[in-house]
Number of protein chains: 2
Amino acid sequence: MIKTITLIGAGNVATHLGKALFNKGFSINQVYSHSKDNAFKLASGLNAMPCNDIKFITDESDLYIIAIKDDAIQSIVNQISFKNKTVVHTSGSIPMDALSGFDNYGIFYPLQTFSKEKELNLNEVPICIEANNEDTNTFLIDLAKNLSENVKEVNSEQRKKLHIAAVFACNFSNYMYTIADDILTNNNLELDILKPLIVETAKKIQDNSPSDMQTGPAKRNDEAVIKNHLEQLADSKDYQEIYQLISKLIIDN
Amino acid sequence: MIKTITLIGAGNVATHLGKALFNKGFSINQVYSHSKDNAFKLASGLNAMPCNDIKFITDESDLYIIAIKDDAIQSIVNQISFKNKTVVHTSGSIPMDALSGFDNYGIFYPLQTFSKEKELNLNEVPICIEANNEDTNTFLIDLAKNLSENVKEVNSEQRKKLHIAAVFACNFSNYMYTIADDILTNNNLELDILKPLIVETAKKIQDNSPSDMQTGPAKRNDEAVIKNHLEQLADSKDYQEIYQLISKLIIDN
């Protein structure tokens, strides 16, 4: 039983999800974006109708996937006139209740860092599901299993915490790479030299707890090295502050 | 021309370097460790003589590799009686001058996070070389090229900065994983759910600048989400402080 789907959004998440669903044989009816160009671009690849006015979203699909910026979700939801459909959003932060005006609703949250240009196999991407009733839950889990081997039921409270954890593990670790890049560039070195180490650090925790894998001067409580590093960071009070704070927590741990 | 080598140290770095050199056909004469057990264990695998008293290090090798804890290097160096040999250490932090009592000396610094148990192919590991004269420099570069395709000349000043950058990119990103793990565990979730995202974040910067790859609430300057996350972190002042500080820097960037 192939269900028909309307995509609301044409950004990174909508693009990856839309392509993956289309490739699995799902029929995409419409693609909405406030940008006409983006609506056309994604819709044409999915054999779908583009739409840049939310009033013209039809009620002919089985499922509506809202994949737009968090702060636009409520306003878009308020403009959808029909209520007897299944509607999900893909946000890590917005509670499921934002969709409570519909009969069937839920969350379809793929936990990955998406860039439109970069091809990505969804197969190993965790998809977090939540629904307002058992039937919708089953429907969404079955749908997600078409795309990924890693489907999890995660409630709204857990999803919020998961989003915070992802900010630390991904957004903030990426910022640590940015600081490293900045320090190296200022000393006529390139980040290339650290790339094997960065990948190895991420791979090490695939089979080991990160707290067991912690290394470095703070882990050894090597006060001489820490003091020396802080002195060398004197040019940047911000980097000094981060170095000091994280080192203190590693030592205390 | 196969050179003969003495390993001073039997820890993670000495073990990986020793095995790699042995496998490439280099002859290891002696392995020193203050721990008799560790000296025996590593030496037996390398067809070398174990030694747990620095006085019994012989002068018959062409190269002496000191791979021990930073704060033990100077004391070991002072106990080596002969001076007419080539001596290197493998530390990221200790200046080359620590070895200036020898005729030929330098740095042989493999930039990787080593664990004894984990097999590691040195082939892609950057090896940073510095030497006190041209001949030694050429000798060390040739030696390193036997082990890795990624050999760099890095002076002591750059090596210090490189070490600081590695602390941010690796030790501190690993601590970000630890915080994520802690938040998830406290909410009946497992780090498994974030592992694909962690690896993807590290892989993304292999071909892109990390500052271009930055995503997340701080990058979008999404004040509502940041405020909400900080409220949810109220149980941990430390995590709140890190979240606030790094977010501020990402926003200001």
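Residues numbered from 1 in each chain as written. Chains lettered and ligands numbered in written order. Predicted model: local features only at pLDDT ≥ 70, side-chain atom pairs only at ≥ 80, totals over all residues. Heavy atoms only, no water.

## Description of unusual backbone geometry
One non-glycine residue, Asn188 of chain A, lies in positive phi territory at about 55°. The residue Asn188 of chain A is located in the loop between α5 (156–185) and α6 (195–204) in this model. For Asn188 of chain A, a relative accessible area of 70% translates into the label exposed. Positive phi, close to 50°, is recorded for Asn221 of chain B, a residue that is not glycine. Within the secondary structure, Asn221 of chain B sits in the loop between α7 (210–213) and α8 (223–232). Residue classification places Asn221 of chain B among the partly exposed residues on the basis of a relative accessible area of 37%. (Helix = DSSP H or I, 4+ residues; strand = E, 2+ residues; numbered from the N terminus. Buried < 20%, exposed > 50% of the residue type's maximum accessible area, 1.4 Å probe, protein only.)

## Section: the domain arrangement of chain A
All names here are of chain A. Taken domain by domain, chain A consists of domain 1 (4–154) and domain 2 (159–252). Placing the centre of domain 1 and that of domain 2 at their C-alpha centroids yields a distance of 36 Å. The interface is formed by 13 residues belonging to domain 1 together with 4 residues belonging to domain 2. Across the domain 1/domain 2 interface, buried area totals approximately 660 Å², and carbon plus sulfur atoms make up 59% of it. Inspection of the domain 1/domain 2 interface yields 1 salt bridge. Residues Arg159 and Glu130 are paired through a salt bridge, measuring 3.4 Å at the closest nitrogen-oxygen approach. On the surface where domain 1 and domain 2 come into contact, there are 4 residue pairs in polar contact (both at pLDDT 80 or more). (Domains from an automatic or database assignment. Contact = heavy atoms within 4.5 Å. Buried area = accessible area lost by both parts, 1.4 Å probe. Salt bridge = Lys/Arg side-chain N within 4 Å of Asp/Glu carboxyl O. Polar contact = N/O pair within 3.5 Å; in protein donor to acceptor, adjacent residues only side chain to side chain.)

## Considering the interface of chain A and chain B
Contact residues are listed per partner, giving 82 residues for chain A and 82 residues for chain B. Overall, the association of chain A and chain B removes approximately 8200 Å² of surface from exposure, summing both partners, and the carbon and sulfur fraction of that is 69%. Looking at the side of chain A facing chain B, the largest losses of area belong to Phe168, Tyr175 and Ile193 of chain A, adding up to 8% of the total buried there. Viewed at the interface, chain B and chain A are joined by 2 salt bridges. The salt bridge partner of Lys248 of chain A is Asp238 of chain B, with a shortest N-O separation of 3.9 Å. At the boundary of chain A and chain B, one finds 19 residue pairs in polar contact (both at pLDDT 80 or more). A breakdown of the residues in the side of chain A that touches chain B according to their chemical character gives 44 nonpolar, 24 polar and 14 charged. (Nonpolar A, V, L, I, M, F, W, Y, C, P; charged D, E, K, R; others polar.)

## Re the sheet that holds strand β3 (residues 49–51) of chain B
Residues and elements named next belong to chain B. Across the sheet, which stays open at both edges, the 8 strands sit in the order β3-β2-β1-β4-β5-β6-β7-β8 with mixed pairing between neighbours. Two strands close off the open sheet at either side, each with one partner strand: β3 and β8 (151–153). Each strand axis lies, on average, 25° off the axis of its neighbour in the sheet, ignoring direction. Two strands pair when backbone bridges link them, and strand β2 (residues 27–32) and β3 are joined in this way by 3 bridges, in the parallel orientation. Following the sheet pairing, Val31 is matched in β3 by Pro50. Sheet strands touched by helix α2 (residues 36–45): β1 (4–8), β2 and β3. Its angle to β3, the strand with the most contacts, is close to 165°. (Pairing = 2+ DSSP bridges. Axes fitted to C-alpha atoms, helices over the stretch in contact; angles between N-to-C directions.)

## Quick notes on the nonpolar core
With 120 residues, the main nonpolar core has Phe168 and Leu194 of chain A together with Phe168 and Leu194 of chain B as its most contacted residues. Among all residues touching Leu194 of chain A, those that are not within four sequence positions of it are Ala180 and Leu184 of chain A together with Leu111, Leu162, Ala165, Ala166 and Ala169 of chain B. Counting residues in hydrophobic clusters, the runner-up holds 31 residues, among them Ala14, Ala48, Leu63 and Phe108 of chain A. (Core = buried A, V, L, I, M, F, W, Y, C linked by side-chain atoms within 4.5 Å.)

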